[in-house]
Amino acid sequence: MNQALITQSVYGTTPEGEQVDLYTLKNENGMQVDIITFGGIITALKVPNRDQQFENVVLGYKTLEPYLTNPTFLGAIIGRYGNRIANGKFSLQGEEFTLATNNGPNCLHGGNKGFDKVIWKAEPIKQHDNIALKLSYVSKDMEEGFPGNLNVTVVYTLTFDNALMVSYEATTDKTTLVNLTQHSYFNLSANLSKPITDQTVMINADAYLPVDKDAIPIGTITPVTDTPFDFTTPKRVGEEIDAEHEQIKKGSGYDHCWVLNHQNDGVHLVASVFDPSSGRFMEVFTDEPGIQFYTANFLDKPYAPRVALCLETQHYPDSPNKEAFPSTVLNPGDIYKSHTTFKFSTK
């Protein structure tokens, strides 16, 4: 039996001269995750297929340089606010705040320099059968337009039973917004040029959030029944990805937030993906109220559209401007906590 290991090496240097480290976590079974301190990015994730061959199942780059721009946020920690805020504006306690508009008229994934483009402090941790990497970052008051000094930790834990757990915590000294997520692009076939349309997805959600032309939720919570958005029972991704449906056309496929069932049940199973060619099966567990299912419709070189899918656990897009949506406000004295697990097996 292999031994669980964490190794560290130098990955590169930013244009500002800051060193970026690579941490490799490997469990006793041979499952491996590579994480860099720039953006807390998962650059590779090697899991076994049904023949016990370990292959990488996430999109990534081979060197630091493409990650410096990383327009599609491959593998990164996303913050302060995952997903979109309409017109880059929100109000808190009667004060209006203005953010960068980096996605048409909207602020996307924290702005021009979100958590995906900062250096995180790393601390390896060994806990019994599990190994973990704790990443910390202090986001200064008014960084990217968000109020409050925000202390953030993200712990990646690789378990003995082939799960990757992602635990987020944050505290603030001023009322602010927080909505963190992980933006890995998965292709369970490990053939990263092969479309994911034959993979089967289940999303434990009876409703989703329709969007306007700028991908902002219009505010209604719409049942998935009799729509291409019904993944309550496992369905091939390609089955209705090009359906004659107004919402499919707006996203050029799937790029929407699903309203998860059992939101008050703590961490529970919310989604799964199965690749029939490799036998790989991924289950997603979270305590978040929503999940953004994105079929990589706008991927650019070196990858092609739809060669991966994202399952970003999160609060709903544009929550600060939609009173009916679950709140993303964090007050001083409170602790933001969020937990997501990606569990791998074969069948």
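That block above? That's the structure.
Summarised in this report is the structure supplied together with it. (Residues numbered from 1 in each chain as written. Predicted model: local features only at pLDDT ≥ 70, side-chain atom pairs only at ≥ 80, totals over all residues. Heavy atoms only, no water.)

1. Here's the deal with the nonpolar core
Heads up, the condition is: Nine residue types can take part in a nonpolar core, namely buried Ala, Val, Leu, Ile, Met, Phe, Trp, Tyr and Cys, and a core is a set of them joined through side-chain atoms within 4.5 Å. A simple rule labels every residue: compare its accessible area, found with a 1.4 Å probe on the protein chains alone, to the largest value its type can have, and call it buried under 20%, exposed over 50%, or partly exposed in between. We count a stretch as a helix when DSSP gives it H or I for four or more residues in a row; a strand needs E for two or more, and each element gets its number in order from the N terminus. The contact rule is simple, with two residues in contact once any of their heavy atoms fall within 4.5 Å.
Leu45, Trp258, Phe293 and Phe344 are the most contacted members of the largest nonpolar core, which has 60 residues in total. The leading source of residues in this core is strand S13 (residues 150-158), at five residues. Beyond its immediate chain neighbours, meaning those up to four positions away, Trp258 contacts Ile203, Ala205, Ala207, Tyr208, Val224, Phe229, Phe231, Pro289, Gly290, Ile291 and Phe293.

2. Quick word on empty space enclosed by the protein
A water-sized probe rolled over the atoms picks out the places where empty space is left. Stated precisely, the cut-off is as follows: Of the two site types, the cavity is a set of points on a 1 Å grid over the protein atoms alone where a 1.4 Å probe fits but cannot get out, and the pocket is an open set with protein on both sides within 12 Å along at least five of seven lines, each lined by residues with an atom within 4 Å of a point. Grid points are joined across faces, edges and corners, and a volume is the space filled by probe spheres set on the points. Under the scheme applied here, ten amino acids are nonpolar (Ala, Val, Leu, Ile, Met, Phe, Trp, Tyr, Cys and Pro), four are charged (Asp, Glu, Lys and Arg), and all others, including Gly, are polar.
On inspection of all chains with the given rule, the structure shows one cavity of 30 Å³ or more. If you add up the space inside the largest cavity, you get close to 30 Å³. Examining the composition of the lining of the largest cavity, we find that three residues originate from one element, strand S21 (residues 255-259), more than from any other. Considered class by class, the residues forming the lining of the largest cavity number six nonpolar, three polar and two charged.

3. A few points about the sheet that holds strand S5 (residues 54-56)
Using the following cut-off: We treat two strands as partners when DSSP finds at least two bridges between them. Axis geometry follows a simple rule: fit a line to the C-alpha atoms, using only the stretch in contact for helices, then measure angles between N-to-C directions, giving values from 0 to 180 degrees.
Judged by pairing direction, the sheet is antiparallel, and its five strands sit side by side in the order S1-S2-S3-S4-S5 without closing on themselves. Whereas interior strands pair on both sides, the edge strands pair on one side only; in this sheet they are strand S1 (5-13) and S5. Each strand of the sheet is rotated relative to its neighbour by a mean of 20°, with strand direction disregarded. Of the pairings in the sheet, the one linking strand S3 (residues 32-36) to strand S4 (residues 42-48) comprises four bridges and is antiparallel in character.

4. Section: the sheet that holds S13
Within a beta sheet, neighbouring strands are joined by backbone hydrogen bonds and run either parallel or antiparallel to one another. An order of S11-S12-S13-S14-S27-S23-S22-S17-S20 is seen for the nine strands of this open sheet, with the pairing classed as antiparallel. In this open sheet, the two strands that pair with only one neighbour each are strand S11 (121-127) and strand S20 (235-236). For strand S22 (residues 268-274) and strand S23 (residues 280-286), the ladder comprises six bridges, and the chain directions are antiparallel. If you follow Ala271 over to S23, its bridge partner there is Val284.

5. A closer look at the pattern of salt bridges
Rules: A pairing counts as a salt bridge when a side-chain nitrogen of Lys or Arg comes within 4 Å of a carboxyl oxygen of Asp or Glu.
Under the definition given, this model contains 12 salt bridges. Taking the shortest distance from any N to any O, the salt bridge between Asp214 and Lys213 comes out at 3.2 Å. A residue is classified by how much of its surface remains accessible, and Asp214, at 25% relative accessible area, is partly exposed. Glu240 is the partner of Lys235 in a salt bridge, and the nearest nitrogen-oxygen pair spans 2.8 Å. Residue Glu240 is classed as partly exposed on the basis of its relative accessible area of 26%.

Without other data, these values stay purely geometric and don't point to any function.
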